[in-house]
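Chain by chain, the residues run as shown.
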Amino acid sequence: MLLIQLTGLSGAGKSTIANMVKTRLLDEGIPTIIIDGDEYRKTICADLGFSRADRCENIRRLGKVASSYCQQGMVAIIAAINPYQEARDELASLYKAKTVFIHCPLRVLIERDTKGLYRRALLDASHPEYITNLTGVNDPYEDPSHADLILNTSLSSPEEATAFFLDFIKKHL
Ligand SMILES: Nc1ncnc2c1ncn2[C@@H]1O[C@H](COP(=O)(O)OP(=O)(O)OP(=O)(O)O)[C@@H](O)[C@H]1O
Ligand SMILES: Nc1ncnc2c1ncn2[C@@H]1O[C@H](COP(=O)(O)OS(=O)(=O)O)[C@@H](O)[C@H]1O
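Note that the coordinates shown come from a computational prediction; the quantities given were computed from them, not determined experimentally.

Now for the sheet that holds strand β1 (residues 2–7). Pairing is parallel in the open sheet, where five strands are placed in the order β2-β3-β1-β4-β5. Each of the sheet's edge strands pairs with one partner strand only, and the pair in question is β2 (32–36) and β5 (149–152). Within the sheet, the average angular offset between the axes of one strand and its neighbour, ignoring direction, is 20°. Sheet analysis places β2 next to strand β3 (residues 75–79), joined by five bridges and oriented parallel. Following the sheet pairing, I35 is matched in β3 by I78. Along the sheet, helix α3 (residues 52–71) contacts β1, β2 and β3; its crossing angle with β3, the most-contacted strand, is approximately 165°. Across the sheet, helix α7 (residues 158–172) touches β1, β3, β4 (98–103) and β5, and the angle it forms with β5 is around 170°.

Here is the structure:
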């Protein structure tokens, strides 16, 4: 029915907002599924790392999975960092995917740091806990050039962001 690709840095709120929207849509009888990058990286994307090529392949696979659910009449929401315009354009062109930018300034994400990834990426490179390829710190994030919706989670609460997103989805059903 409708394929939505979220995009945004780790901790920006993609999974949080997607889950809240899913609950609201299900309450209204609209079948909805979330295709979460974290989850699929444990199964059909377990062979992929965080290089540009691997991240684009990740999005390609998530897009294919999401499109199968859409064909069965569901709203499918891809919740992945999805950092490259090239990969987002591919899903927009293949599946008419709508792009929703879950935006949050890096300084707020460093304060949230729910997974401890930012602390590790900001350590000295010689530190044993240092990680590389963290999007937004030591790996690229290309801001969407033509997002269909932008939600700034440093300005809106999860409930407010969910309300904007729900409104957007209903306009595109
Ligand atoms: N306005 C907001 N909207 C969404 N989440 C928020 C907001 N304010 C604070 N948070 C918190 O930020 C965190 C966002 O985590 P979440 O897992 O949803 O991010 P994510 O973008 O899916 O990250 P990842 O790419 O690592 O999976 C949660 O702990 C959430 O409670
Ligand atoms: N170096 C890293 N860069 C980004 N995310 C990482 C990294 N290492 C582990 N992760 C975890 O992997 C998840 C990102 O996976 P995806 O959303 O599937 O990424 S994407 O770039 O290919 O779209 C984040 O939720 C984060 O918890």
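We now examine the site of ligand 1. Near ligand 1 there are 18 residues, and of these S10, K14, T16, K115 and S156 occur at the shortest range. Between ligand 1 and the protein, one listed contact pairs an oxygen atom with a backbone N or O atom of A12 at 3.2 Å. Between ligand 1 and the protein, one listed contact pairs a nitrogen atom with a backbone N or O atom of T153 at 3.2 Å. Computed on the free molecule, ligand 1 has an accessible area of 640 Å², of which 78% lies beneath the protein chains in the complex. Most atoms of ligand 1, that is more than half of them, are within 2 Å of grid points of the largest pocket.

Here the focus is the site of ligand 2. Neighbouring ligand 2 are 17 residues, the closest being R41, R55, N58, N82 and N133. Interatomic distance of 2.9 Å between a side-chain N/O atom of D38 and an oxygen atom of ligand 2. Separating an oxygen atom of ligand 2 from a backbone N or O atom of I81 is a distance of 2.9 Å. Among the detected pockets, ligand 2 sits in the largest pocket. Secondary-structure elements contributing two or more residues to the shell around ligand 2 are α2 (37–40) and α3. No other element matches α3, which puts three residues into the shell around ligand 2. Of the residues assigned to the shell around ligand 2, the class counts are seven nonpolar, six polar and four charged.

Reading guide: rules and limits
- Residues numbered from 1 in each chain as written.
- Chains lettered and ligands numbered in written order.
- Predicted model: local features only at pLDDT ≥ 70, side-chain atom pairs only at ≥ 80, totals over all residues.
- Heavy atoms only, no water.
- Pairing = 2+ DSSP bridges.
- Helix = DSSP H or I, 4+ residues; strand = E, 2+ residues; numbered from the N terminus.
- Axes fitted to C-alpha atoms, helices over the stretch in contact; angles between N-to-C directions.
- Contact = heavy atoms within 4.5 Å.
- Near = heavy atom within 4 Å.
- Polar contact = N/O pair within 3.5 Å; in protein donor to acceptor, adjacent residues only side chain to side chain.
- Areas by Shrake-Rupley, 256 points an atom, 1.4 Å probe, with all protein chains shown as cover.
- 1 Å grid on protein atoms, 1.4 Å probe; cavity = no way out; pocket = protein on both sides within 12 Å on 5 of 7 lines; lining within 4 Å.
- Sits in = over half its atoms within 2 Å of the grid points.
- Nonpolar A, V, L, I, M, F, W, Y, C, P; charged D, E, K, R; others polar.

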